[in-house]
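Geometric and topological summary
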Amino acid sequence: MKKGDIKKGLNGEIYILAKRIGRGGQAEVWKAQSKASKKYYAYKEYKHNAYNIRTNIEDLIKIGKLKDKHGKALTSVVLPITIVEGTGDALGYIMELVDLQDYTTIKKAWCGKYPSCEAICKIVKNLSQVFETLHLSYGMCYKDVNEGNIFFNPETGDIKIIDNDNIGYRDKFTIKGTSGYMAPEVVLGDKPDHNSDRFSFAVFVYRLLVGGFPFEGPYTENYCIRNNVLPDDARKIIYGTNALFVWNPADRQNSIERSPSPQHRGQVEYWGRLPSSVKDLFINTFAVNLPKDRRAERATDADWRNVFDGLEKNLVVCPRCGKVTFREPGKCFECAHLLADPVIDHRTTAQARHKVVFKVLSAGEVKKELEAYVSDEISGAQVSKHLPPGMLFKIMYNKSIQKLGIKNLSASPWTIVCADKSKKECAPGQVQILEKGMMVRIIPKTAQLNVMEVQ
């Protein structure tokens, strides 16, 4: 193929090749312009006979755009638009041209701009929604999860999934997957399905959060050295029959915890910064429910979404590096600083009658708002002054009325929304008594404000 070549889609459109934008072992991808609309698209043409997956591409063209259970189109997934037939056994298809200027991949993120914990939560949630839609709404599976297909915006957590001709029904052959991402049963010859997708999904998240691959530890290395073979040559053993998670709690022979490898030491460090809920999902997928007869018990798409939704609502700000991090396990994911209690230190007292728990939602963004919701629990809790740095308020306890209040330490007035939806103002220096159903809305003028929620 060369610039200026003409391609005719089965939809009747004429496309003119403009620039090659990608090339692999099986296909080339070009930027192509519609002769009629002048709009640019991406054109993928296979180098070899691809008619074995033609019917799969036709299925995807009929779908057009994936839609979630509410009927909303998932614009993050780019599907084929029309097939293009060439001379001989040439076959290609047209798809939307995706602007990936603000997007990156896992490998590039580890070497460049790594996403914040807030963005990580959104990446995992967005990806889980795509997989859940494929599995439950369409009865299809992705089959070839890998970091070359999935791009994400490290700032916003938005995702783009391209090169999706592999998506299909379980019984229709397209591709088995990418080495390192394939579930053991697929490595050993089974067809990919939604359970193997969930395994591959977990590998992607593991690569994003920890680095490395879940089965590559001392056992893997020693096996290859002992048998004088490369990992790819031994994949049926180390990724199939004898696949052993490096953090398997019941079998530590592949553990990287004491490995002298600098790469492993880095993975050990990041594993130690993960919340226990995330570790449990990895162990569930890579260890406990790894055997073929238990693969249906692996962590589901909804499990991943629910865990990271909870983590997103409980983010805190590290007092040392100032970045948003997971509250648990008490160590900053960004800089490993040991965190003091990021919430409020509650102390038992017979006098207090309201319990106020602060949860950090996000930080460091001027346009974010602080919304404080107060529960009416009789808890006997008294609040100390151990607040995260940068806060523009403090909690005070009024002994005479036995209620908690919030004092405005900022230079701007706050808007107080009461339970009956009436509004009033809390001027700088004033204290507002907290009541059930009340909301304190603060629009900060500083990027150092921690955005927190009171429950």
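Residues numbered from 1 in each chain as written. Predicted model: local features only at pLDDT ≥ 70, side-chain atom pairs only at ≥ 80, totals over all residues. Heavy atoms only, no water.

To continue, consider the sheet that holds strand β5 (residues 80-85). Sheet architecture is open: six strands sit in the order β1-β2-β3-β4-β6-β5, paired in antiparallel fashion. The open sheet has two free edges, formed respectively by β1 (6-8) and β5, since each of these has just one partner strand. Strand-to-strand, the axes of this sheet are offset by a mean angle of 40 degrees, without reference to chain direction. Here strand β3 (residues 27-34) runs beside strand β4 (residues 40-46); their pairing, made up of seven bridges, is antiparallel. (Pairing = 2+ DSSP bridges. Helix = DSSP H or I, 4+ residues; strand = E, 2+ residues; numbered from the N terminus. Axes fitted to C-alpha atoms, helices over the stretch in contact; angles between N-to-C directions.)

Gaps left between atoms show up when a probe the size of a water molecule is rolled over them. Counting across every chain of the model gives one cavity of 30 Å³ or more. Lining the largest cavity, in full, are Lys143, Lys176, Tyr181, Met182, Ala183, Val186, Pro192, Ser196, Asp197 and Ser200. The element that contributes the greatest number of residues to the lining of the largest cavity is helix α5 (residues 194-209), accounting for three residues. For the lining of the largest cavity, a count of residues per class yields five nonpolar, two polar and three charged. (1 Å grid on protein atoms, 1.4 Å probe; cavity = no way out; pocket = protein on both sides within 12 Å on 5 of 7 lines; lining within 4 Å. Points joined across faces, edges and corners; volume = space filled by probe spheres on them. Nonpolar A, V, L, I, M, F, W, Y, C, P; charged D, E, K, R; others polar.)

Right, let's talk about the environment of Leu281 for a bit. With respect to the helices, strands and loops of the structure, Leu281 is situated in helix α9 (residues 276-288). Separated by 23 residues in the primary sequence, Leu281 and Trp304 have C-alpha atoms spaced 7.5 Å apart. Here Leu281 is in contact with Ala299, Asp303, Trp304 and Val307, once residues within four sequence places are set aside. (Contact = heavy atoms within 4.5 Å.)

With five of its six residues buried, strand β6 (residues 91-96) lies for the most part within the structure. Across five bridges, the pairing between β4 and β6 is antiparallel. In the strand pairing of β6, Ala42 is matched with Met95. Where β5 lies against β6, five bridges are found, and the strand directions are antiparallel. Residue Glu85 lies in a different strand from β6, and its bridge partner there is Leu91. (Buried < 20%, exposed > 50% of the residue type's maximum accessible area, 1.4 Å probe, protein only.)

Take the nonpolar core next. In this structure, Tyr206, Leu209, Phe245, Phe282, Phe286, Trp304 and Phe308 are the most contacted members of the largest nonpolar core, which totals 68 residues. Core analysis: the next-biggest nonpolar cluster, separate from the first, contains eleven residues, Ala42, Ile57, Ile83 and Leu91 among them. (Core = buried A, V, L, I, M, F, W, Y, C linked by side-chain atoms within 4.5 Å.)

Before going further, it helps to examine the pattern of salt bridges. This model, assessed by the stated rule, comprises 23 salt bridges. In this structure, Asp163 and Lys44 form a salt bridge, with 2.5 Å as the shortest nitrogen-oxygen distance. With Asp163 in the loop between β8 (159-161) and α4 (184-187) and Lys44 in strand β4, this pair connects stretches of sequence that are 119 residues apart. One salt bridge in this structure joins Lys122 and Glu312, with 2.7 Å as the shortest N-O distance. (Salt bridge = Lys/Arg side-chain N within 4 Å of Asp/Glu carboxyl O.)

Before going further, it helps to spend a moment on the packing of aromatic side chains. Scanning the model with the defined rule gives 23 aromatic pairs in all. The interplanar angle of 80 degrees and the centroid separation of 5.1 Å between the aromatic rings of Trp110 and Tyr270 together place this pair among those described as edge-to-face. One end of the pair, Trp110, is in helix α2 (residues 106-111); the other, Tyr270, is in helix α8 (residues 262-271), and 160 residues separate them in sequence. We classify Trp110 as partly exposed; its relative accessible area is 32%. If you follow Arg273 out to its NZ or CZ, it ends over the ring of Tyr270, 4.6 Å from the centre. (Phe/Tyr/Trp six-rings, centres within 6.5 Å; stacked < 30°, edge-to-face > 60°. Lys NZ or Arg CZ within 6 Å of the ring centre and 35° of its normal.)

What follows covers a nonpolar patch on the surface. On the surface, a cluster of nonpolar side chains totalling about 250 Å² of accessible area is made up of Ile21, Tyr40 and Leu97. With respect to the helices and strands, Ile21 occurs in strand β2 (residues 14-23). (Patch = residues over 30% accessible without salt bridge, like charges linked within 9 Å, V, L, I, M, F, W, Y side chains within 5 Å. Areas by Shrake-Rupley, 256 points an atom, 1.4 Å probe, with all protein chains shown as cover.)

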